[in-house]
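What follows is each chain in one-letter form.
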Amino acid sequence: MRGWLVFGCLLFVGPLVAQEESTAVSVESESDSEMVAEVEKAIVKQINDYRKKKELSQLAVNDELQETAKKFAEFMAESGKYGHRADGNTPAERAKAAGYEYCVVRENIAYRTNTGEVTAKSLIDIFVQGWIDSPPHHENIVAKHITQTGAAVATADQTTYYAVHLFGRPKSAQIEISVLNRSGKVQTLSIETNESVDEIEMPPRTTVSMKRCFPTTFRVDGLEAEQVDESVELVLTKKGWEVAD
């Protein structure tokens, strides 16, 4: 299969479809729908297989993320507009509108314009491998803190196919952290989350509680860093960090 494959953010306007071509599309829609469903399932499976090779957790399909991906793929296919904000919204805003209470939402998109025969295998190979080979898309695929997913493919003319793959972590899975300063002096706690750093002055025998959507690294002068990616309680003692029972 030959044609054009695009990954990234841009505005793409597809060609107008003549009336005769529209009639042909409606006849082929049932078989095409089956092929699209096969591609969607394969995207999730192959990405999970890839994560497994990287010793990462498997992603569960979430109904709201699936609905979000489907609506956006159909929007791009029908409008010919392409990009993460093609409809004027962010991926997180679209997921929220579908009822997804999110902590994190990430999105990979792509489209393929074909000049030859279209098969499920050809689309799967193009989309999945293309995302894996692209550093920013690959970063979404291997994110450790992601737990849920949704994938969709849509076409309006059986020539150009749009793919949307969403990655999410629900609000219910926020990382809950309590930091206790049991030392006898003021400590400066450095908190690094998703490349942002905050500092908090902790008086002796005080506790700081927080919630985070991303794995968080803590640092205190003279102490080693402790990275947290699950709900835990950390204790600051004279000897350093300890994970409380």
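Procedures and definitions
- Note on numbering: residues in each chain are counted from 1, in written sequence order.
- Local features are withheld for residues below a pLDDT of 70 in this predicted model, meaning they are given only at 70 or higher, and side-chain atom pairs are given and counted only at 80 or more; totals for whole chains, interfaces and linings count all residues.
- Heavy atoms from the whole structure form the basis of all side-chain values; hydrogens and water molecules are not counted.
- The secondary structure listing takes helices from DSSP runs of H or I that are at least 4 residues long and strands from runs of E that are at least 2 residues long, numbered from the N terminus.
- Polar contact criterion, stated in full: a pair of N or O atoms within 3.5 Å, where within protein one must be able to donate a hydrogen and the other to accept it, and residues adjacent in sequence count only if both atoms are side-chain atoms.
- In what follows, residue pairs with any heavy atoms lying within 4.5 Å of each other are defined as contacts.
- By convention in these notes, a salt bridge is any Lys or Arg side-chain nitrogen within 4 Å of a carboxyl oxygen on Asp or Glu.
- Throughout this description, buried means an accessible area under 20% of the type-specific maximum (1.4 Å probe, protein chains only), exposed means over 50%, and partly exposed covers the range between.
- Only strands that DSSP links by at least two bridges are regarded as paired with each other.
- Grouping buried Ala, Val, Leu, Ile, Met, Phe, Trp, Tyr and Cys residues that are joined through side-chain atoms within 4.5 Å yields what is termed a nonpolar core.
- Every residue gets a pLDDT, meaning the predictor's confidence in that residue, from 0 to 100.
- Simply put, an axis is a line fit to the C-alpha atoms, just over the touching stretch for a helix, and the angle between two N-to-C directions goes from 0 to 180 degrees.

**Considering the side chain of Asn-62**
Piece 1. You can see Asn-62 is positioned in the loop between strand 2 (60–61) and helix 2 (63–79).
Piece 2. Of the polar contacts made by the side chain of Asn-62, one reaches the backbone nitrogen of Leu-65; its length is 2.9 Å.
Piece 3. For Asn-62, the contacting residues outside a window of four places in its chain are Tyr-100, Gln-148 and Thr-149.

**Digging into the pattern of salt bridges**
Piece 1. Under the counting rule described, the total for this entry stands at seven salt bridges.
Piece 2. Glu-192 is the salt-bridge partner of Arg-219, the closest N and O atoms lying 2.8 Å from each other. Taken together, the residues span a long stretch of sequence, with Arg-219 in strand 10 (residues 216–220) and Glu-192 in strand 7 (residues 187–193) at a distance of 27 residues.
Piece 3. Here the salt bridges do not stand alone but share partners, grouping Asp-87, Arg-94 and Glu-107 into one network.

**Describing the environment of Gly-150**
Piece 1. Within the secondary structure layout, Gly-150 lies in strand 4 (residues 148–155).
Piece 2. Sequence separation of Gly-150 and Glu-67 is 83 residues, and the distance between their C-alpha atoms is 7.7 Å.
Piece 3. Not counting chain neighbours up to four residues away, the residues in contact with Gly-150 comprise Leu-65, Gln-66, Ala-69, Val-164, His-165 and Leu-166.

**Things to note about the pairing of strand 10**
Piece 1. Of all the five residues making up strand 10, four are buried; the element is thus mostly covered by neighbouring parts of the structure.
Piece 2. Where strand 7 meets strand 10, five bridges bridge the pair, whose relative direction is antiparallel. Bridging across to strand 10, Thr-193 finds its partner in Thr-216.
Piece 3. Taken together, the three bridges between strand 10 and strand 11 (residues 226–228) define a ladder with antiparallel strand orientation. If you follow Thr-217 over to strand 11, its bridge partner there is Gln-227.

**Notes on the pairing of strand 7**
Piece 1. The buried fraction of strand 7 is high, at five of seven residues.
Piece 2. Sheet topology note: the strand 7/strand 8 (residues 196–202) ladder contains seven bridges and is antiparallel. When the sheet's bridge partners are listed, Glu-192 is paired in strand 8 with Val-197.

**Some thoughts on the nonpolar core**
Piece 1. If you look at the biggest cluster of nonpolar residues, it comprises 49 residues, and the most contacted ones within it are Ile-43, Met-76, Phe-127, Val-153, Tyr-161 and Val-164.
Piece 2. Of all the secondary-structure elements, those providing two or more residues to this core are helix 1 (19–53), helix 2, helix 3 (91–97), strand 3 (102–114), helix 4 (120–133), strand 4 and strand 5 (160–170).
Piece 3. With eight residues, the top contributor of residues to this core is helix 1.
Piece 4. Listed in part, the eleven residues of the second largest apolar core include Ile-175, Ile-191, Phe-218 and Val-220.

**Considerations on the confidence of the model for the protein chain**
Piece 1. Counting all residues, the mean pLDDT for the protein chain is 82, and 80% of those residues have values of 70 or more.
Piece 2. Below a pLDDT of 50 lies the segment residues 1–28, which in the model reaches 58 contacts outside its immediate sequence neighbourhood of four places, other chains included.

**Section: the sheet that holds strand 7**
Two pairing modes exist for strands in a sheet, parallel and antiparallel, and in both the strands are linked by backbone hydrogen bonds.
Piece 1. A sheet is described by the order of its strands in space; here four strands give the open sequence 8-7-10-11, paired in antiparallel fashion. Each edge of the open sheet carries a strand with a single partner, namely strand 8 and strand 11. Here the average twist between neighbouring strands, direction ignored, is 25 degrees.

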